[in-house]
Amino acid sequence: MTQTLASIGAAFLGLLAAMGRLALFTGQTISHLVRPPFYGREFGNALIQIGYFSLPVVGLTAFFTGGALALQIYSGGARFSAEAVVPQIVAIGMVRELGPVLVGLMIAARVTSSIAAEIATMKVTEQIDALVTLSTHPMKYLTLPRVLAATLVMPILVAVGDIIGIYGGFLVSTERLGFNAAAYLQNTADFLTRLDIISSLAKGAVFGFIAALMGCYYGMNSERGAMGVGRATKSSVVAAAILILAANFLLTEAFFSA
Amino acid sequence: MINLTDVHKSFATNDVLRGVNLSVSKGESMVVIGGSGTGKSILIKSILGLVTPERGSITVDGKDINKGDRDAFLARFGMLFQGAALFDSLPVWQNVAFRLLRGSLKKPTNEARAIAIEKLRRVGLNADVADRLPAELSGGMQKRVGLARAIAAEPEIIFFDEPTTGLDPIMAGVINDLIREIVSERGATAITITHDMTSVRAIADKIAMLHAGKIRWTGSVADMDTSGDPYVDQFIHGHAEGPIEAVR
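Here is what the cut-offs are and how they apply
- Residues numbered from 1 in each chain as written.
- Chains lettered and ligands numbered in written order.
- Predicted model: local features only at pLDDT ≥ 70, side-chain atom pairs only at ≥ 80, totals over all residues.
- Helix = DSSP H or I, 4+ residues; strand = E, 2+ residues; numbered from the N terminus.
- Buried ≥ 20, exposed ≤ 12 C-beta atoms within 10 Å, placed from the backbone.
- pLDDT = per-residue confidence, 0-100.
- Contact = placed C-beta atoms within 7 Å.
- Expected span 1.5 Å × (residues − 1).
- Nonpolar A, V, L, I, M, F, W, Y, C, P; charged D, E, K, R; others polar.
- Core = buried A, V, L, I, M, F, W, Y, C linked by C-beta atoms within 7 Å.
- Axes fitted to C-alpha atoms, helices over the stretch in contact; angles between N-to-C directions.
- Parallel < 35°, antiparallel > 145°, perpendicular 65-115°, else oblique.
- Left-handed = near helix turned anticlockwise from the far one by under 90°.

Caption draft 1: Main features of the overall build of chain A. Counting secondary structure elements, chain A contains nine helices and zero strands. Taken from the N to the C terminus, the helices and strands of chain A come in the order α-α-α-α-α-α-α-α-α. Taken along the three principal axes of its C-alpha coordinates, chain A extends 65 × 55 × 35 Å. Per-residue burial over chain A gives 44% buried out of 258 residues.

Caption draft 2: Region of interest: the confidence of the model for chain A. Of all residues in chain A, 100% have pLDDT values of 70 or greater, and the mean over the chain is 94. Of all helices and strands in chain A, the one with the weakest mean pLDDT is helix α1 (residues 2-31) of chain A (92), whereas helix α8 (residues 194-220) of chain A scores best (97).

Caption draft 3: Main features of the environment of B:Met224. Residues and elements named next belong to chain B. With respect to the helices, strands and loops of the structure, Met224 is situated in helix α8 (residues 221-224). As for Met224 and Ala208, which are separated by 16 residues in sequence, their C-alpha atoms are 9.6 Å apart. Not counting chain neighbours up to four residues away, the residues in contact with Met224 comprise Ile207, Gly219, Val232 and Ile236.

Caption draft 4: Helix α5 (residues 139-151) of chain B, seen in detail. All names here are of chain B. With 13 residues, α5 extends 19 Å from end C-alpha to end C-alpha; this agrees with the ideal 18 Å at 1.5 Å per step. Burial within α5 is extensive, with 10 of its 13 residues counted as buried. Every buried residue of α5 is accounted for by Met141, Lys143, Arg144, Val145, Gly146, Leu147, Ala148, Arg149, Ala150 and Ile151. In the core, the buried residues of α5 are packed alongside β6 (77-80), α3 (92-96), α4 (109-122), β7 (157-161) and α6 (169-186).

Caption draft 5: Structural context of the interface of chain A and chain B. Taken together, the contact pairs 11 residues of chain A with 15 residues of chain B. The residue makeup of the side of chain A that touches chain B, split by class, is four nonpolar, five polar and two charged.

Caption draft 6: Inspection of the nonpolar core at higher detail. Residues and elements named next belong to chain A. Core analysis: the biggest nonpolar cluster contains 141 residues, and Ala150, Ile210 and Ala211 have the highest contact counts within it. Here this core takes 19 residues from helix α4 (residues 86-124), the largest share from any one element. Not counting residues within four places of it along the chain, the set of residues in contact with Ala211 comprises Gly104, Ile107, Ala108, Val111, Thr112, Ala150, Ala240 and Ile244.

Caption draft 7: Structural context of the packing of α4(A) against helix α7 (residues 181-191) of chain A. Residues and elements named next belong to chain A. Relative to each other, α4 and α7 sit at 50°, their axes nearing to 8 Å. Regarding the angle of α4 to α7, the classification is oblique. The element α4 and its partner α7 pack so that their crossing is right-handed. Mapping the contact onto sequence places Pro87, Gln88, Ala91 and Ile92 in α4 and Tyr184, Asn187, Thr188 and Phe191 in α7. Of the residues that constitute the contact of α4 with α7, the class distribution is five nonpolar, three polar and no charged.

Rendered as structure tokens:
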């Protein structure tokens with residue numbers, strides 16, 4: 001019994017210590033925002049890597065999800081003669097929920113893993129130490145540009161995902177389900193509110209911050225060897241996905257609970 | 001110039017440095033020898049401020065490296081890492097000129113590139129490698145690029161971590177000659193850690209042997225063969241039998 005309690009206590013303390021380390025890392029990252037120097041070229045590269053090169057995966061994911069959502073709502077709505085709500089539900093579903101969450105998870109898979117693997121490899125090959133000896137702070141050079149770029153570019157990716165998702169639903173609805181194109185677009189525009197759009201973009205920013213931060217955190221704290229790099233990459237994606245889903249719940253609660 | 005006094009460093013239950021005392025004079029080439037896992041790399045990393053000792057002091061020209069302006073200390077240091085530690089995403093010339101492209105030593109891009117190419121020539125590499133990525137170079141060439149990066153900002157103190165490990169004997173000889181030339185022509189202070197006794201004899205003014213977390217012996221290359229210390233004798237002659245237990 002005592003041993004069981006001790007194990008639970010040790011696990012709880014370990015969790016608190018991990019949360020403390022993450023909080024400290026987050027604080028340090030943010031603190032570098034207001035302390036020069038800034039590495040503009042690194043920031044620009046991160047914007048392109050995280051934003052521009054994620055567009056295909058974001059677009060494809062959103063397109064197929066929007067199309068599938070239209071089919072599901074149509075067949076489900078048919079059970080109680082509510083097929084006409086397809087445009088509204090696709091719009092609200094994509095903008096409030098599926099757009100930001102799916103883009104967030106795709107970014108976690110694509111960007112978080114890539115950042116964690118890159119930084120972890122730099123750590124095990126002493127490139128991080130080399131940065132320090134060259135008078136360059138690794139948090140400023142590696143972490144801040146990536147976290148800032150992901151936070152700023154994710155709302156744009158989410159907006160693109162929302163639009164393409166709605167377009168996927170529109171295509172399926174008009175080409176396959178016989179909806180009138182003009183009426184579909186009118187219903188979509190009429191139903192969406194400013195709050196829906198703001199919540200979508202805000203979620204994007206938060207999810208981008210989480211995705212990049214997790215990649216950097218696990219990369220910087222990687223253990224030695226190929227196994228260490230692999231473990232850091234896996235842990236970063238799992239942590240980012242869980243935190244994105246948890247943050248999504250909290251943000252939905254904050255925006256729409258009333 | 002560089003003084004380590006009673007430096008202790010441990011990781012969890014592993015006491016790596018257990019009271020290291022070492023002095024390196026200005027312009028001297030000090031080589032630290034010792035078996036694997038004796039803390040040679042931690043010793044260098046402690047001087048560079050990459051790890052912080054729990055106890056003891058490390059001073060450069062009488063100033064504690066863990067107090068005061070860290071960047072000012074780092075600006076005086078150059079480091080060649082064991083695996084070169086070149087930045088994969090940057091072309092060779094930007095690796096060499098890294099310090100000259102940012103921070104307090106920042107120079108215009110053209111000037112930084114010209115310096116990088118001159119340093120590459122200094123280590124025997126042609127200008128045509130300047131725009132290649134590190135992954136496109138052989139291990140020996142990467143090591144030379146690392147050496148060019150270490151000297152690009154004309155540091156007063158240069159650290160070499162296992163500079164010849166993994167190189168064939170000819171390339172190891174080339175690197176040893178380069179280190180000797182660079183250190184003597186620039187009057188720089190050098191601290192090298194290595195297992196390679198050929199390298200030790202080629203580049204050392206003074207040798208220190210690290211064993212069991214402490215400096216066990218110091219002396220010149222000439223003194224090394226007649227030290228009378230069984231640990232030093234066993235190490236420099238590579239005998240399996242002796243007071244140093246080989247980890248099998």
